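Results of the structural survey
Here's the letter readout for the chains.
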Amino acid sequence: MASIQLLFLIFASLSCASATFIQNFDITWGDQRAKVVPGGDTVQLTLDKWSGSGFRSKQEFLFTRIDMKIKLVEGNSAGTVTTYYLSSQGPNHDEIDFEFLGNVTGEPYVMHTNVFSQGKGNREVQFYLWFDPTKAFHTYSIIWNPSQIIFLVDGIPVRVFENTEATTGVPFPKNQSMRLYASLWNADDWATRGGLVKTDWSLAPFTASFSGFKATNCKDPSSSPLLCNSIPVTSAATTSSVQAQSQSQPQPRAQLSANMYRRMRWVQRKYMVYNYCGDTKRFPQGLPPECGRRR
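Quick summary incoming for the structure in this document. Not measured: the values here are computed from a predicted model.

Assigned secondary structure in the protein chain consists of five helices and 15 strands. Residues classed as buried in the protein chain amount to 52% of the 295 residues present. Partitioning the intrachain contacts of the protein chain with sequence separation of at least 6 by distance along the chain shows that 66% fall at a separation of at least 24. Of the roughly 13,900 Å² that the protein chain leaves accessible, carbon and sulfur atoms contribute 53%.

Here it is in structure tokens:
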């Protein structure tokens, strides 16, 4: 009897522990390749030669802050792509992307960011990371409020995409609710050095882990200013100081503090490897109209 009671308690504790992930997400593909780790707050996605895996949120969001801790595929991850993004559905969908493009051992991951509005994307900004994203969990955040979209890594803003629809006519994601998606899949036709480096299937299965999901309502950013604007709005004096430091760089509408702005510019100067707003060969007729305001 005692052993039966012990087994029941173990089963009950595991069932309750798994409720955290199960309550928030559905595993959408990959069969048994997506596994909830005992404790309930972490899911591991795996990729083998036959399939990858993925999940999506049960809830839809319209203006939100999403925080997720991710540990990427270790070792030779060439050809693999780990994704984490918000997206609506349909041909005119909106989407806010983090994608992590794998690489051979010793070479850096490429962190790819993109924004789609009404079905149009092509707004890629890419970075190397300033740490090894495979050795420990790091927090990747999306702040999406009515004024802007902010991409953050471990609390550091790396990119700000503003809503300039009123002045440029460029649509901003504002009407379509989005779900959160995550996946691990094979993209060796393009992911690493344009597809020159293929996935080494002798190293499979590949594993990426997701944990610590948090969501905050940002329809009214003033209700959660520390979360929905990344950090507090600066004073007029601080704003003037930051603008004086970089006259050529327009400031986000919800101003970053001088310290956070400097940290973002540090990341962009040292680790940004591609910005569509600087690609004159791609846009010979002129850069997209939002490029005077968005980074």
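For the rest of this paragraph, the subject is the environment of Leu180. Inspection of the secondary structure puts Leu180 in strand β13 (residues 179–186). Owing to a relative accessible area of 0%, Leu180 belongs among the buried residues under this scheme. The spacing of Leu180 and Arg56 is 124 residues in sequence and 5.5 Å in space, taken between C-alpha atoms. Setting aside anything within four residues of it in sequence, one finds Leu180 in contact with Phe25, Phe55, Arg56, Ser57, Phe61, Ile66, Met68, Tyr84, Tyr85, Leu86 and Phe213.

The next thing to look at is the pattern of salt bridges. One pass over the full model with this rule turns up eight salt bridges. Among the ionic pairs, Lys135 bridges to Glu74, the shortest N-O distance being 3.5 Å. Pair noted here: Lys135 is in the loop between β9 (125–128) and β10 (138–144) and Glu74 is in the loop between β5 (64–71) and β6 (80–87), with a separation of 61 residues, a long-range link. Notably, a salt bridge pairs Glu290 with Arg123, separated by 3.1 Å at the nearest N-O pair. In this pair, Glu290 sits in the segment after β15 (272–275) while Arg123 sits in the loop between β8 (110–116) and β9, placing the two residues 167 residues apart along the sequence.

So, about the packing of aromatic side chains. Here the structure, examined in full by the defined rule, presents 19 aromatic pairs. Their ring planes at 70 degrees and their centres at 5.4 Å tell us that Trp266 and Tyr271 sit as a pair that is edge-to-face. Accessibility expressed as a relative area gives 34% for Trp266, which makes it partly exposed. Of the residues examined, Tyr271 reaches a relative accessible area of 19% and is grouped as buried.

It is worth spelling out helix α5 (residues 258–271) at this point. Here α5 contains 14 residues, and its C-alpha end-to-end distance of 20 Å stays within 8% of the 20 Å for a straight helix at 1.5 Å per residue. Those residues of α5 that fall on the buried side of the exposure criterion are Ala258, Met260, Tyr261, Met264, Arg265, Val267, Gln268 and Tyr271.

Soluble globular proteins tend to pack their nonpolar side chains together in the buried interior. Counting 50 residues, the largest nonpolar core has Tyr140 and Phe210 as the members making the most contacts within it. A total of four residues in this core trace back to one element, the largest contributor, which is strand β14 (residues 206–217). Formed by eight residues, the second largest nonpolar core is a distinct cluster that contains Ile143, Ile150, Val160 and Met264.

Of note, Lys219 is situated in the loop between β14 and α3 (225–228). Counting along the chain gives 74 residues from Lys219 to Asn145, while the straight-line C-alpha distance between them is 6.1 Å.

Our focus in this paragraph is the sheet that holds β13. On the basis of which strands lie adjacent, the open sheet formed by eight strands has the order β1-β4-β13-β6-β7-β8-β9-β15 and antiparallel pairing. Here the strands that pair on one side only, and so sit at the sheet edges, are β1 (25–29) and β15. Geometrically, the sheet is characterised by an average inter-axis angle of 15 degrees between neighbouring strands, direction not taken into account. Bridge analysis of β8 against β9 gives four bridges, and the strand direction is antiparallel. Looking at the pairing, His112 lines up with Gln126 of β9.

Here is what the cut-offs are and how they apply
- Residues numbered from 1 in each chain as written.
- Predicted model: local features only at pLDDT ≥ 70, side-chain atom pairs only at ≥ 80, totals over all residues.
- Heavy atoms only, no water.
- Helix = DSSP H or I, 4+ residues; strand = E, 2+ residues; numbered from the N terminus.
- Buried < 20%, exposed > 50% of the residue type's maximum accessible area, 1.4 Å probe, protein only.
- Contact = heavy atoms within 4.5 Å.
- Areas by Shrake-Rupley, 256 points an atom, 1.4 Å probe, with all protein chains shown as cover.
- Salt bridge = Lys/Arg side-chain N within 4 Å of Asp/Glu carboxyl O.
- Phe/Tyr/Trp six-rings, centres within 6.5 Å; stacked < 30°, edge-to-face > 60°.
- Expected span 1.5 Å × (residues − 1).
- Core = buried A, V, L, I, M, F, W, Y, C linked by side-chain atoms within 4.5 Å.
- Pairing = 2+ DSSP bridges.
- Axes fitted to C-alpha atoms, helices over the stretch in contact; angles between N-to-C directions.

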